[in-house]
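Reading the structure
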Amino acid sequence: MPETFDTATILAPGREILDIFTEYVAACRVLGHHHHDLTRLHEWYDTEDGLDLRAIEGDQRALTAAAQAGEQALRLQDKQLRLVDDGWQGGAALAAREHLARHQTAAERTVTALHTAAVTLNRLRDSLC
């Protein structure tokens, strides 16, 4: 992965190749072959120019931090659920345990989704680089 997240720096080496290819396209046009799409190569290549890869990095870090905070909350919630089990009996206790268990499942799914999103953004950034 490049050390820079500056898209202009990342795209610069390809511009030289693009310029050479554009000369080939111009030569083909002189020989009578013309394809409209090939005249738009620079336009297509520049679509990523200005892309802020640092923003992706920042979002990835924020998602990772949120997942870590979620994991801490899950540990606390697990402890709370054990305390309910140890100190509360009866129908209300059962209802509370069921509610907390559903909440635990939803929270676990959320933490998993946050980790998945962070990994996906990391891969996206690497692919874009």
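Preceding block: the structure.
What this report covers is the structure whose coordinates are included nearby. Position labels on residues start from 1 in each chain and follow its written sequence. With the structure being a predicted model, the display of local features is reserved for residues of pLDDT at least 70 and the display and counting of side-chain atom pairs for 80 or more, all residues being used for whole-chain, interface and lining totals. The side-chain quantities take in all heavy atoms of the structure and omit both hydrogens and water.

1. Some words on a nonpolar patch on the surface
Rules: Residues with no salt bridge and a relative accessible area higher than 30% make up the patches, which join like charges within 9 Å and nonpolar side chains (Val, Leu, Ile, Met, Phe, Trp, Tyr) within 5 Å. All accessible-area figures derive from a Shrake-Rupley calculation using a 1.4 Å probe, and residue coverage is judged against the displayed protein chains alone. The rule for a salt bridge is simple: a side-chain nitrogen of Lys or Arg has to be within 4 Å of a carboxyl oxygen of Asp or Glu. What counts as a helix is a DSSP run of H or I of at least four residues, what counts as a strand is a run of E of at least two, and both are numbered from the N terminus. The rule is simple: take the accessible area with a 1.4 Å probe, protein chains only, and divide by the maximum for that residue type; under 20% is buried, over 50% is exposed, in between is partly exposed.
Together, Ile20, Phe21, Tyr24 and Leu38 make up a nonpolar patch on the protein surface, roughly 400 Å² of accessible area in all. For Leu38, the location among the structural elements is in the loop between helix 1 (7-30) and helix 2 (41-45). Looking at Leu38, the relative accessible area reads 31%, which means it is partly exposed.

2. With respect to the packing of helix 3 (residues 53-87) against helix 4 (residues 91-128)
Let me state the cut-off plainly: In this analysis, axes come from line fits to C-alpha atoms, helices being fitted only over the stretch in contact, and the angle between any two N-to-C directions falls in the range 0 to 180 degrees. Working definition: roughly parallel below 35 degrees, roughly antiparallel above 145 degrees, roughly perpendicular at 65 to 115 degrees, and oblique for all remaining angles. Left-handed describes a crossing whose near helix is turned anticlockwise from the far helix through less than a right angle; right-handed describes the clockwise counterpart. Under the scheme applied here, ten amino acids are nonpolar (Ala, Val, Leu, Ile, Met, Phe, Trp, Tyr, Cys and Pro), four are charged (Asp, Glu, Lys and Arg), and all others, including Gly, are polar.
Put simply, helix 3 and helix 4 touch, their axes get as near as 8 Å, and they point 160° apart. Taken together, the axes of helix 3 and helix 4 are roughly antiparallel relative to one another. Helix 3 and helix 4 meet at a crossing whose hand is left-handed. Here the contact of helix 3 with helix 4 is built from residues that sort into 18 nonpolar, eight polar and eight charged.

3. Quick notes on helix 3
Put simply, the rule is: Here the expected length of a helix is defined as 1.5 Å per residue gap, with one fewer gap than residues. Any two residues having at least one pair of non-hydrogen atoms within 4.5 Å are treated as being in contact. Nitrogen and oxygen atoms within 3.5 Å of one another constitute a polar contact, given that in protein one can donate a hydrogen and the other can accept it, and given that sequence-neighbouring residues count only through two side-chain atoms.
With 35 residues, helix 3 should cover 51 Å at 1.5 Å per step; its first-to-last C-alpha distance of 51 Å lies within 8% of that length. Where the residues of helix 3 are buried, they touch helix 1 and helix 4. The distance from a side-chain oxygen at the start of helix 3 to the backbone nitrogen of Arg54 is 3.1 Å, and the residue carrying that oxygen is Asp52.

4. Focus on the pattern of salt bridges
For the structure on display, the rule yields six salt bridges. Of the charged contacts in the structure, one is a salt bridge between Arg82 and Asp78, with a shortest N-O distance of 2.6 Å. With Arg82 and Asp78 both in helix 3 and four residues apart, the pair spans about one turn of that helix. Classification of Arg82 by relative accessible area gives partly exposed; the value is 45%. For Asp78, a relative accessible area of 31% corresponds to the partly exposed category. Residues joined in a network through salt bridges with shared partners are Glu57, Arg61, Arg125 and Asp126.

The values reported here are purely geometric and, on their own, carry no functional implication.
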